[in-house]
Amino acid sequence: MPEKILVVDDDIDSLKLIGLMLQRNGYEVIAASAGNQALTKAANERPDLIILDIMMPDMNGYEVTRRLRKNPDTQRIPIIMFTAKTLIDDKVAGFEAGADDYLTKPTHPAELASRVKAILARSAAAKPQGVARGAAIGVLGAKGGVGTTMLAVNIAAARLLAGDTPIIADFRLGMGSLGVSIGLARSHGMANVLSKPAEEIRPRAIENDLVTHPSGLRALLSSARATEAQLAFTPEAAVAVVRSLRSMGRPSVFDLGSGLSPLSQRLLREMDQIVLVVDPLVVTLTMARDIIQEIMTWRNDPNRLHVVVVSRATSSTPPSWSDVEQYLGYELRGIISLASDLMIQAMQANVPTVMFQPNAVVSTQLIKLAEDLHNRVRLPVGEQS
């Protein structure tokens, strides 16, 4: 994945110019035009680097830097200060506030690229070993009943078979069936964690609420209890769960239920890969088309959105692959041929399908999907196809 850089400048022309230079060098760019907006985006987006202008109307760059350094979630993000000021005292003030480097306007594109590359390399080398950021994969159904939970469980199980250390999490409080599908008890872990203030949700706080399947697959579960559906928690707490699990699992897979809600939209923004699950019915495809359009308005990156059709045997002739793509206006990443009898047998054995019968057609399809997700997280965007 490309490194993500937050560029902060109240001058829109400067913001566009810097962003264009960075994008030409293969970086993902997010932008903010004010100090408070920068603090929010830094906390939510977790960029790999911040390029920060000093002179802004609401809060100067020195104060933004000080606040970033006080926040445990942003204190390690490297910062390059960018300004028209050239006095030594200004540079000293920037370094004292916590900046890692300093550039004066205007700067040559080659100098900007060189400084950015050097800062990112130092930052990567300084990161503690063993806490590297893992991938977060969100699985969302276009509507209920299309096989979202089945897909999420088997993506995680397939990566376990491949030698990874995945964690699966069920965000469907009050409707959770993930644990039941593979025979796991203690399905209140997600509710326990989300009951905590966001600032207390860290990997250590989550560890005791994880349950482990006999296969070694770890899970943070929701239950079908009505009281869970009424649990009040903040979006910040849910985001803290995602970020904590991302550092614990390789990968972390999230069952986000069906349809776009304020919560699922917020969590989808945290995901490295999004799997949208549909079936080949007109109603579902119509709903999926709207969801795709909505996701693309705030995350226009086709490499991160996988549309997968779960196909059941029906008496009518289902639409072809190309028909579905034309209807959705989006490329399909795969078709899963649902084998109902095999799924029921696997569920009765309390085992994910890919582990129950790895050589079955549906298992090989699921394993291929999981491998594709793994490769798309790992490869730079320029190498993806």
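What you see is a predicted model, and the numbers here were worked out from it, not measured in a lab.

About the thresholds
- Residues numbered from 1 in each chain as written.
- Predicted model: local features only at pLDDT ≥ 70, side-chain atom pairs only at ≥ 80, totals over all residues.
- Heavy atoms only, no water.
- Pairing = 2+ DSSP bridges.
- Helix = DSSP H or I, 4+ residues; strand = E, 2+ residues; numbered from the N terminus.
- Axes fitted to C-alpha atoms, helices over the stretch in contact; angles between N-to-C directions.
- Contact = heavy atoms within 4.5 Å.
- Core = buried A, V, L, I, M, F, W, Y, C linked by side-chain atoms within 4.5 Å.
- Buried < 20%, exposed > 50% of the residue type's maximum accessible area, 1.4 Å probe, protein only.
- Arc of directions from axis to C-beta.
- Salt bridge = Lys/Arg side-chain N within 4 Å of Asp/Glu carboxyl O.
- Phe/Tyr/Trp six-rings, centres within 6.5 Å; stacked < 30°, edge-to-face > 60°.
- Lys NZ or Arg CZ within 6 Å of the ring centre and 35° of its normal.
- Polar contact = N/O pair within 3.5 Å; in protein donor to acceptor, adjacent residues only side chain to side chain.
- Right-handed = clockwise from strand over helix to strand, strands pointing away.

A. Local environment of the sheet that holds strand β3 (residues 49–53). Pairing in this open sheet of 5 strands is parallel, and the strands run β2-β1-β3-β4-β5 from one edge to the other. If you trace the sheet from one side to the other, it starts and ends with β2 (28–32) and β5 (101–104), each paired once. Strand-to-strand, the axes of this sheet are offset by a mean angle of 20°, without reference to chain direction. In this sheet, β5 lies alongside strand β4 (residues 79–83) in parallel orientation, the contact comprising 4 bridges.

B. Spotlight on the sheet that holds strand β13 (residues 332–337). If you trace the 8 strands from one edge of the open sheet to the other, you get β8-β9-β7-β10-β6-β11-β12-β13, paired in mixed fashion. At either margin of the open sheet sits one strand with a lone partner, and together these are β8 (211–212) and β13. Sheet topology note: the strand β7 (residues 167–170)/strand β10 (residues 252–258) ladder contains 4 bridges and is parallel. Across the sheet, the residue bridging to Ile168 is Val253, located in β10. Here helix α11 (residues 235–248) sits on the sheet and contacts β6 (136–141), β7, β9 (218–220) and β10; the angle it forms with β10, its principal contact strand, is near 145°. Contacting β6, β11 (273–278) and β12 (305–311), helix α13 (residues 282–298) crosses the sheet at an angle of about 160° to β11.

C. Molecular detail of the nonpolar core. Core analysis: the biggest nonpolar cluster contains 46 residues, and Phe171, Leu245 and Leu276 have the highest contact counts within it. Broken down by element, the residue count for this core peaks at 8 residues, all from α11. Every residue in contact with Phe171, bar those within four places of it in the chain, is listed here: Met190, Leu194, Ser222, Ala238, Val241, Val242, Phe254, Asp255, Leu256 and Leu267. Judged by nonpolar contacts, the second largest core, of 37 residues, contains Ala157, Leu178, Leu366 and Leu369.

D. Up close: helix α2 (residues 35–45). Listing the buried residues of α2 in full gives Gly35, Ala38, Leu39, Ala42 and Ala43. The buried side chains of α2 occupy one side of the element, clustering within an arc of 125° when seen end-on. Arg46 sits one or two positions beyond α2 and adopts a positive phi of about 50°.

E. Region of interest: the side chain of Asp53. Turning to its location among the elements, Asp53 is positioned in strand β3. Those residues in contact with Asp53 that lie beyond four places of it in its chain are Val8, Asp9, Asp10, Gly61, Phe82, Thr83 and Lys105.

F. Here's a closer look at the environment of Lys143. Relative to the helices and strands, Lys143 is located in the loop between β6 and α6 (148–161). Between the alpha carbons of Lys143 and Arg266 there is a distance of 18 Å; along the sequence they are 123 residues apart. With residues up to four places along the chain from it excluded, the contact list for Lys143 reads Ser258, Asp279, Thr284 and Met287.

G. Just the pattern of salt bridges, in detail. All chains considered together, the criterion is met by 18 salt bridges. With a shortest N-O distance of 3.9 Å, Arg246 and Glu270 are connected by a salt bridge. Taken as a pair, Arg246 in helix α11 and Glu270 in the loop between α12 (262–268) and β11 lie far apart in primary sequence, 24 residues in all. Because the salt bridges share partners, they merge into one network encompassing Arg243, Arg246, Arg266, Glu270 and Asp272.

H. Spatial organisation of the packing of aromatic side chains. Applying the stated rule across the entire model yields 1 aromatic pair. A cation over a ring is seen here: Arg289 above Tyr327, with NZ or CZ 4.5 Å from the ring centre.

I. Main features of unusual backbone geometry. Cis geometry marks the peptide bond from Arg250 to Pro251, where omega comes out at 0°. Of note, Pro251 is situated in the loop between α11 and β10. Of note in this structure, Asn350 is not a glycine but carries a positive phi near 60°. A relative accessible area of 34% means that Asn350 is categorised as partly exposed.

J. Local environment of the side chain of Lys4. Among the secondary structure elements, Lys4 is positioned in strand β1 (residues 4–8). By relative accessible area, Lys4 is classed as buried at 12%. A polar side-chain atom of Lys4 sits 3.1 Å from the main-chain carbonyl oxygen of Glu45. For Lys4, the residues in contact, after removing those within four places along its chain, are Glu28, Ile30, Glu45, Pro47, Asp48 and Leu49.

K. How the structure looks around the pairing of β3. Of all 5 residues making up β3, 5 are buried, and the element is well covered by its neighbours. Neither face of β3 is open: one carries Leu49, Ile51 and Asp53, the other Ile50 and Leu52, and all of them are buried. Where β3 and β4 come together, 4 bridges link them in parallel fashion. Note on β4: the bridge partner recorded for Ile50 is Ile79. Traced from β3 through helix α3 (residues 61–70) to β4, the parallel crossover comes out right-handed.

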